[in-house]
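Here's the letter readout for the chains.
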Amino acid sequence: IGRGKMSVVVIGDRAVGKSRMGLALAEPSEEPKVQVIEPDYQTLKDEYINVDTGGMTPTRDIYKRPFKIKVELSTKRIIESVWIDTPGEIYDLEWQIEHPHAWKEFKETLNQSLGIILLLHPYQEQVKPTLIDSTDSIFALDRETLLPAHKWKVDLVNWMKFLRENCNQVNYILICLNKADLFCSNLDTVGKNFQSYPSYKRQDEALKYFTAAQIEIEKYNRKDRPFQFFITCVKNRSLLELPWIYLSPYILYS
């Protein structure tokens, strides 16, 4: 068992599934390649799940907690990590003005991290009503609450600008289109394919889901520190684990 230090910060849109990703990675699974082993699943479930509604309890404050994540590549490794959970409103200008010290400290923490995972909602035109209707109630959403493609593109550009301006020391920034179960009808096949692809092929396939912002991505994607693109989903273990599998070799030996 090798041991390494890492700090991976998961950021993203409000209610996009940041906390649920951590919970899903801790959930017992058959032959997982990536799994949170401390805190255990029940501890996280008690903390994150509202017993009355079955939904996620919103994050109210910036909260840092140590995680131990088991990653199985060619050998088993235990990665010591720090999971930084943030309230969704941290990216609202009003919150930043009201909490200047916390906002400054958060940006400094981001820039000192080894890896960043940004989770984004899909855009409105991308989501299939039939998939929304067929998903579990806790994963369902109102399609009209999603941004249309032209506004989603602006949101992505703002994120890329923010990351370039505030995280210029971070080598590994992953941009993930989350909730793939709402725009991929053949989720199991897609998940298996993505885990089997070599890196260049995975990027080509992932970018097909970002075509609404292709020109903007080319503009902001630096050759020396390129963004890496993924699609993710807590309902598919392959897609859920893939960003962490990608990050782990770089983190372990940094």
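These lines cover the structure that appears in this document, whether it is placed above or below. Keep in mind that what you see is a predicted model, and the values were worked out from it rather than measured.

1. Concerning the layout of surface pockets
Any space left empty among the atoms is revealed by the rolling of a water-sized probe across them. When its volume is computed, the largest pocket comes out at roughly 1100 Å³. Contributing elements (two or more residues each) for the lining of the largest pocket: helix 1 (18-26) and helix 6 (149-166). Residues that form the lining of the largest pocket fall into these classes: 20 nonpolar, 13 polar and 14 charged. The computed volume of the second largest pocket comes to approximately 260 Å³. Taken together, 17 residues form the lining of the second largest pocket, with Ala24, Glu27, Tyr41, Phe139 and Val234 sitting closest to its centre. The element best represented in the lining of the second largest pocket is helix 1, accounting for three residues. Looking at the lining of the second largest pocket residue by residue, the class counts come to nine nonpolar, three polar and five charged.

2. Re the nonpolar core
Grouped together as the largest cluster of nonpolar side chains are 71 residues, with contacts concentrated most on Ile11, Ile117, Leu156, Leu163, Ile175, Ile231 and Trp244. When neighbours within four sequence positions are excluded, Ile175 is seen to be in contact with Leu118, Leu120, Leu156, Met160, Phe210, Phe227, Gln228, Phe229 and Phe230. The next biggest cluster of nonpolar side chains, apart from the first, holds five residues, and it includes Ile132, Leu141, Leu146 and Leu182.

3. Here we look at the packing of aromatic side chains
Counted according to the given criterion, the structure contains 13 aromatic pairs. Geometrically, the ring pair formed by Tyr91 and Trp103 is edge-to-face, given 6.4 Å between the ring centres and 85 degrees between the ring planes. Taken together, the residues span a long stretch of sequence, with Tyr91 in the loop between strand 5 (76-85) and helix 3 (93-98) and Trp103 in helix 4 (residues 100-112) at a distance of twelve residues. Since its relative accessible area comes to 11%, Trp103 is described here as buried. Between Phe194 and Tyr197, the aromatic rings sit 5.6 Å apart at their centres with planes inclined by 65 degrees, giving edge-to-face as the arrangement. Here Tyr197 falls in the partly exposed class, since its relative accessible area comes to 22%. Pairwise contacts between aromatic rings join Tyr91, Trp103, Phe106, Trp159 and Phe162 into one cluster. One residue, Arg164, lies across the ring of Phe227, its end atom 3.9 Å from the ring centre. Across the ring face of Tyr197, the terminal group of Lys201 is positioned such that the distance to the ring centre comes to 5.5 Å.

4. Focus on helix 6
Within an α-helix, residues lying three or four positions from one another point in the same direction, as the helix has 3.6 residues per turn. Here helix 6 contains 18 residues, and its C-alpha end-to-end distance of 25 Å stays within 8% of the 26 Å for a straight helix at 1.5 Å per residue. Every buried residue of helix 6 is accounted for by Ala149, Trp152, Leu156, Val157, Trp159, Met160, Phe162, Leu163, Arg164 and Asn166. Turning to helix 6, the residues buried within the fold contact strand 2 (8-12), helix 4, strand 6 (115-120), strand 7 (172-177) and helix 9 (214-220).

The rules behind the values
Residues numbered from 1 in each chain as written. Predicted model: local features only at pLDDT ≥ 70, side-chain atom pairs only at ≥ 80, totals over all residues. Heavy atoms only, no water. 1 Å grid on protein atoms, 1.4 Å probe; cavity = no way out; pocket = protein on both sides within 12 Å on 5 of 7 lines; lining within 4 Å. Points joined across faces, edges and corners; volume = space filled by probe spheres on them. Helix = DSSP H or I, 4+ residues; strand = E, 2+ residues; numbered from the N terminus. Nonpolar A, V, L, I, M, F, W, Y, C, P; charged D, E, K, R; others polar. Core = buried A, V, L, I, M, F, W, Y, C linked by side-chain atoms within 4.5 Å. Buried < 20%, exposed > 50% of the residue type's maximum accessible area, 1.4 Å probe, protein only. Contact = heavy atoms within 4.5 Å. Phe/Tyr/Trp six-rings, centres within 6.5 Å; stacked < 30°, edge-to-face > 60°. Lys NZ or Arg CZ within 6 Å of the ring centre and 35° of its normal. Expected span 1.5 Å × (residues − 1).

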